[in-house]
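# Architecture at a glance
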Amino acid sequence: MAVKRHFLSILATTAMTLGLAVPAFAVPAMLSGQQPGSRVNVRSQPTTNAASPHYGLVGDRVEVLNSTEGYSDGYTWYYVKFRSGAAGWVRGDFVTFVSGQGGPAPSSRTGYLRTADAGSRVNVRSAPSTSATSPHYGVDGDRVQVFDSTRGGDGYTWYYIKFRSGATGWVRGDFIDLTN
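Residues numbered from 1 in each chain as written. Predicted model: local features only at pLDDT ≥ 70, side-chain atom pairs only at ≥ 80, totals over all residues. Heavy atoms only, no water.

### Structural notes on the overall build of the chain
Per the secondary structure count, the chain includes one helix and 14 strands. The burial tally for the chain puts 34% of its 180 residues in the buried class. Here the analysis covers contacts within the chain between residues at least 6 apart in sequence; of these, 52% occur between residues at least 24 apart. About 10,500 Å² of surface is accessible on the chain, with carbon and sulfur atoms providing 53% of the total. (Helix = DSSP H or I, 4+ residues; strand = E, 2+ residues; numbered from the N terminus. Buried < 20%, exposed > 50% of the residue type's maximum accessible area, 1.4 Å probe, protein only. Contact = heavy atoms within 4.5 Å. Areas by Shrake-Rupley, 256 points an atom, 1.4 Å probe, with all protein chains shown as cover.)

### Regarding the sheet that holds strand E6 (residues 87-91)
Strands sit in the order E6-E5-E4-E1-E7 across an open sheet of five strands; the sheet is antiparallel. Where the open sheet ends on each side, the last strands, each with one partner, are E6 and strand E7 (95-97). For this sheet, the mean inter-axis angle between neighbouring strands, taken without regard to orientation, is 50°. As judged from the seven bridges shared by strand E4 (residues 61-69) and strand E5 (residues 76-82), these two strands associate in the antiparallel manner. What sits directly across from Glu-63, in E5, is Lys-81. (Pairing = 2+ DSSP bridges. Axes fitted to C-alpha atoms, helices over the stretch in contact; angles between N-to-C directions.)

### Considerations on the sheet that holds strand E11 (residues 143-151)
Strand order across the open sheet formed by five strands is E13-E12-E11-E8-E14, with antiparallel pairing between neighbours. Strands at the two margins of the open sheet, each flanked by one partner only, are strand E13 (168-172) and strand E14 (176-178). Averaged over neighbouring strand pairs, the angle between their axes works out to 45° when direction is ignored. Bridge count for strand E8 (residues 109-113) against E14 is three bridges, and the pairing is antiparallel. Among the inter-strand pairings, Leu-113 is bridged to a residue of E14, identified as Ile-176.

### Examining the pattern of salt bridges
Applying the stated criterion across every chain, the model contains three salt bridges. Between Arg-172 and Asp-174 there is a salt bridge whose closest N-O contact spans 2.7 Å. With a relative accessible area of 18%, Arg-172 lands in the buried category. (Salt bridge = Lys/Arg side-chain N within 4 Å of Asp/Glu carboxyl O.)

### Some remarks on the nonpolar core
Among the nonpolar cores identified, the biggest contains 18 residues, and Val-64, Tyr-78, Val-80, Val-90, Val-95 and Phe-97 are the most heavily contacted of them. Within the residue set of this core, elements represented by two or more residues are strand E1 (27-31), strand E2 (39-42), E4, E5, E7 and strand E12 (157-163). Grouped together as the second largest cluster of nonpolar side chains are eleven residues, Val-122, Tyr-159, Ala-167 and Val-171 included. (Core = buried A, V, L, I, M, F, W, Y, C linked by side-chain atoms within 4.5 Å.)

### Topic: the packing of aromatic side chains
Summed over the entire model, instances satisfying the criterion amount to two aromatic pairs. Between Tyr-79 and Trp-89, the ring centres sit 5.2 Å apart and the planes meet at 65°, which makes this aromatic pair edge-to-face. With Tyr-79 in strand E5 and Trp-89 in strand E6, this pair connects stretches of sequence that are ten residues apart. On the basis of relative accessible area, Tyr-79 is assigned to the partly exposed category, the value being 28%. Here Trp-89 falls in the buried class, since its relative accessible area comes to 12%. Here Tyr-160 and Trp-170 contribute two aromatic rings whose centre-to-centre distance is 5.2 Å and whose plane-to-plane angle is 70°, an arrangement assigned as edge-to-face. Separated by ten residues along the polypeptide, Tyr-160 in strand E12 and Trp-170 in strand E13 bring together distant segments of the chain. (Phe/Tyr/Trp six-rings, centres within 6.5 Å; stacked < 30°, edge-to-face > 60°.)

### Points about the pairing of E13
Judged by how many residues are buried, E13 sits mostly within the fold: five of five residues are covered. Taking every second residue as pointing to the same face, both faces of E13 are buried, with Thr-168, Trp-170 and Arg-172 on one and Gly-169 and Val-171 on the other. Here E12 runs beside E13; their pairing, made up of five bridges, is antiparallel. Of the residues in E13, the one forming a bridge with Tyr-159 is Val-171.

Function-wise, these values are silent; they only describe arrangement.
Shown next, in the form of structure tokens:
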């Protein structure tokens, strides 16, 4: 019995480690700035007061794994990972999301899903169109982070959103109440 419990413990630990090491919703982006090739600090925490153990160069490709508001500066900060495996926090004005690859454009807007009927579901689509698949849904009142907007072929404004769970997708504008 003890061997079985030990084996299950090792299996669970391995599964958790793999789950944390492979982000489910990484968004492609690149470091940006005014001077091509100039350095962009990569910090240990989302603040300019944090140590900068390494840096990237303007134009470097990264994956955005998370975002947050800065501790004291009001900036949006992105937790990025480089192809080398290095990772850290970069201030939002130095990150540009790669367009045309399903990625959002940077923003720090917050919104809430809204429907005419409290508790109703809102489809979250894989592309800004009602004909796109709907791998997720939200519920009236869910808080989301809004990254991008675009005008769909149907004439509606669509928003690229992210839930606290990490799920992402497109929601038609009439189902979003933007707060800032």
